[in-house]
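# Summary of structural features
As a plain string of letters, each chain reads:
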Amino acid sequence: MQSTPDLVAQVTGVPGLDLQGITGVAERRVYDARPAAHEDSYGLALKAARDCLEKSRYEAADLDVIINASITRFKDGSDFYFEPSFARQLAAELGARSAIHFDISNACAGMMTGVYLLDRMVRAGIVRTGMVVSGEQNTRVAETAAAEITDSYDPQFASLSVGDAAVAVIIDESRDEADRIHYVDLMTCSEYSHLCLGMPSDRTEGIALYTDNKQMHKRDRLRLWPTFHADLLAKHGRTFADEGFDYVVQHQVGTRFVEYVNAMAATEFETPMPQSLSVVEEFGNTSSNSHFLVLRQHLRAGTARQGRKYLLVPAASGVVTGALSATISSLGV
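Calculation rules
Residues numbered from 1 in each chain as written. Predicted model: local features only at pLDDT ≥ 70, side-chain atom pairs only at ≥ 80, totals over all residues. Heavy atoms only, no water. Axes fitted to C-alpha atoms, helices over the stretch in contact; angles between N-to-C directions. Helix = DSSP H or I, 4+ residues; strand = E, 2+ residues; numbered from the N terminus. Parallel < 35°, antiparallel > 145°, perpendicular 65-115°, else oblique. Left-handed = near helix turned anticlockwise from the far one by under 90°. Contact = heavy atoms within 4.5 Å. Nonpolar A, V, L, I, M, F, W, Y, C, P; charged D, E, K, R; others polar. Core = buried A, V, L, I, M, F, W, Y, C linked by side-chain atoms within 4.5 Å. Buried < 20%, exposed > 50% of the residue type's maximum accessible area, 1.4 Å probe, protein only. Polar contact = N/O pair within 3.5 Å; in protein donor to acceptor, adjacent residues only side chain to side chain. Pairing = 2+ DSSP bridges. Salt bridge = Lys/Arg side-chain N within 4 Å of Asp/Glu carboxyl O. Phe/Tyr/Trp six-rings, centres within 6.5 Å; stacked < 30°, edge-to-face > 60°. Lys NZ or Arg CZ within 6 Å of the ring centre and 35° of its normal. pLDDT = per-residue confidence, 0-100.

With that settled, the discussion passes to the packing of helix 8 (residues 224-234) against helix 10 (residues 255-269). A pair of packed helices can be characterised by two numbers: the angle between their axes and the separation between those axes. Orientation of helix 8 relative to helix 10, taken along the N-to-C sense of each, is 40°, at an axis distance of 9 Å. Comparing the axis directions of helix 8 and helix 10 gives the class oblique. Between helix 8 and helix 10 lies a crossing whose hand is right-handed. Along its contact with helix 8, which presents W225, P226, H229 and A230, the element helix 10 presents V261, A265, E268 and F269. The residue makeup of the contact of helix 8 with helix 10, split by class, is six nonpolar, one polar and one charged.

Of all hydrophobic cores here, the largest spans 34 residues; its most connected members are V115, L118, Y310 and L312. Of all the secondary-structure elements, those providing two or more residues to this core are strand 3 (65-68), helix 5 (110-123), strand 8 (165-172), strand 9 (180-188), strand 12 (247-250), helix 12 (290-301), strand 14 (308-313) and strand 15 (320-328). Each residue touching V115, except ones within four places of it in the same chain, is listed here: V132, V169, I171, I181, F292 and L324. One finds L46, A48, M131 and I170 within the second-largest nonpolar core, a separate group that totals 23 residues.

If you trace the backbone, T129 turns up in strand 7 (residues 129-136). A distance of 3.2 Å separates the side chain of T129 from the backbone oxygen of I171, its partner in a polar contact. When residues no more than four places from it in sequence are discounted, the contact partners of T129 are Y58, D62, L63, D64, V65, I170, I171 and D172.

Turning our eyes to something else, we now look at the sheet that holds strand 15. Strand order across the open sheet formed by five strands is 9-15-14-12-13, with mixed pairing between neighbours. The outermost strands of the open sheet, each flanked by one partner alone, are strand 9 and strand 13 (275-276). In this sheet, strand 13 lies alongside strand 12 in parallel orientation, the contact comprising two bridges. Within strand 13, the residue paired with Y247 across the bridge is Q275. Of the strands in this sheet, strand 9, strand 14 and strand 15 touch helix 5, which is tilted by about 125° from strand 9.

In this section: the environment of T321. With respect to the helices and strands, the residue T321 is situated in strand 15. With a relative accessible area of 4%, T321 lands in the buried category. Linking T321 and F228, residues 93 residues apart in sequence, is a C-alpha distance of 7.8 Å.

Right, let's talk about the pattern of salt bridges for a bit. Summed over the entire model, instances satisfying the criterion amount to 16 salt bridges. Ionic pairing is found between D119 and R123, a salt bridge with its closest N-O pair at 2.8 Å. Taken together, the positions of D119 and R123, both in helix 5 and four residues apart, correspond to about one turn of that helix. Given the relative accessible area of 51%, R123 is considered exposed.

Take the sheet that holds strand 3 next. Strand order in the open sheet made by the four strands is 6-3-7-8, with mixed pairing throughout. Lying at the two open borders of the sheet, with one neighbouring strand each, are strand 6 (100-103) and strand 8. Taking the axes of each pair of neighbouring strands and ignoring which way they run, one obtains an average angle of 15° across the sheet. Two elements, strand 3 and strand 6, share four bridges in a ladder whose sense is parallel.

On to the packing of aromatic side chains. Summed over all chains, the structure comprises nine aromatic pairs. Plain terms: the ring middles of F240 and F245 are 5.5 Å apart, the flat faces sit at 45° to each other, and that makes the pair tilted. For F240, a relative accessible area of 7% puts it in the buried group. By relative accessible area, F245 is classed as buried at 10%. Linked through ring pairs, W225, F240, F245 and F269 together constitute an aromatic cluster. In this arrangement the basic side chain of K75 is found over the ring face of Y42, its NZ or CZ atom lying 5.0 Å from the centre.

This part takes up the environment of M112. Along the chain, the position of M112 falls in helix 5. When the C-alpha atoms of M112 and A230 are compared, they prove to be 19 Å apart, with 118 residues separating the residues in sequence. What M112 contacts, discounting residues up to four positions off in sequence, is L186, H291, F292, L312, V313, P314 and L324.

Let's shift gears to the confidence of the model for the protein. Mean pLDDT over the protein works out to 89, with 90% of the residues at or above the 70 mark. The low-confidence segment residues 197-218 (pLDDT under 50) makes 53 contacts with residues lying over four places distant or belonging to another chain.

As for its position among the elements, Q306 is in the loop between helix 12 and strand 14. C-alpha of Q306 to C-alpha of T113: the two residues are 193 residues apart in sequence and 24 Å apart in space. Here Q306 is in contact with L299, I328, S329, S330 and L331, once residues within four sequence places are set aside. Side-chain polar atoms of Q306 contact the backbone oxygen of L331, separated by 3.4 Å.

Dropping the structure here:
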C-alpha cells in the first residue's frame, strides 16, 4: 500500500500539491517489485483468474473463451507483451487448453468491453461460459508522472491517481432473472479519440478541450452517458426511473468526478441516482478493472446486497461511455 502523501513526496515539480484534496484518493495498492512475487501485469492477472476459478463452480477446462483486457501488459519484469497474447498464455497456464483466447484494448473500458463481447457470444450460443480478466500494473506511470509533472494541469496529472489491481469474472448463460446481465452497450465518440477523461477535477467548469477547430467541453463529455443511456432506454419505451437500480458504479477516476457525474445524471434523468458505490479512496483508479473491483469489495464486505440491481457506467479515453445493467445474486467473491 502507498499513501497519497508518500506519492506526493516524490512530486518535486509541484510544491504543496493537494493531490488527495483534488482526487479523493487516500491510498492505493502497489505491486511487489520482487521478481519472486510475480506481480507484473501478467502475474496479477493470473492470480485473479485462479482466485475467480476457486470461487466458481467451473474448472479451467470448462471455459470456452478467455478474454484479457489489460492496458498494461508487463511480464518477465519490464517486458511489454503484444504477442503471444496474455489470454493465450493464461489459458495455457490455467489449463483451459480448448478455450478461444484473445486480448482486447479499449482503455479504461477494456474489461467492460470484454464483458460486452462475452455476453454477446453467450447469447448467440457461440460459447457457454467464459472469463474476462484484467491485471493492471499502473503505478509505473504514477512514478513517471511524479518525476515529470510541472503543474497540477500537466497532462500526466491523472496518472497520479492510479493503483494496481487485477480482477477476473466468469460469465455463463443466465437461467434466472435474479442473476443476469439485462443489457450491456457501449458507444465510442471517436471524433475525440485523443482525449482523456482523467483530467484534474478542480477545474470542471473551465476546461475546454480542442481538436482542430472543434471543441468538446468537459461538461458535455460527462453528459455523454446520460444522453446515451436515455436514448437506449427510449428505444424500449422506458426511462431511467423505470429501471429501479439499487446501486450505480461509476469509473473510479476520483471522488469528485464520481460525485459530479452522479449529480449531473440526476439532473439529466430528472430522478435521484441510486446509491453510488466506490473504492477509489482506498484503491485509486485501477483503470480497466475498476468497476469489477468495486463490485468485489462491496459484495465481500456486505455493503452492497446480493439480489439487487446494479448499473455500471464506463468512462474511458476514446471517448467511451455506455451502461451495463445486471441483477447479481450469486457472484462469488
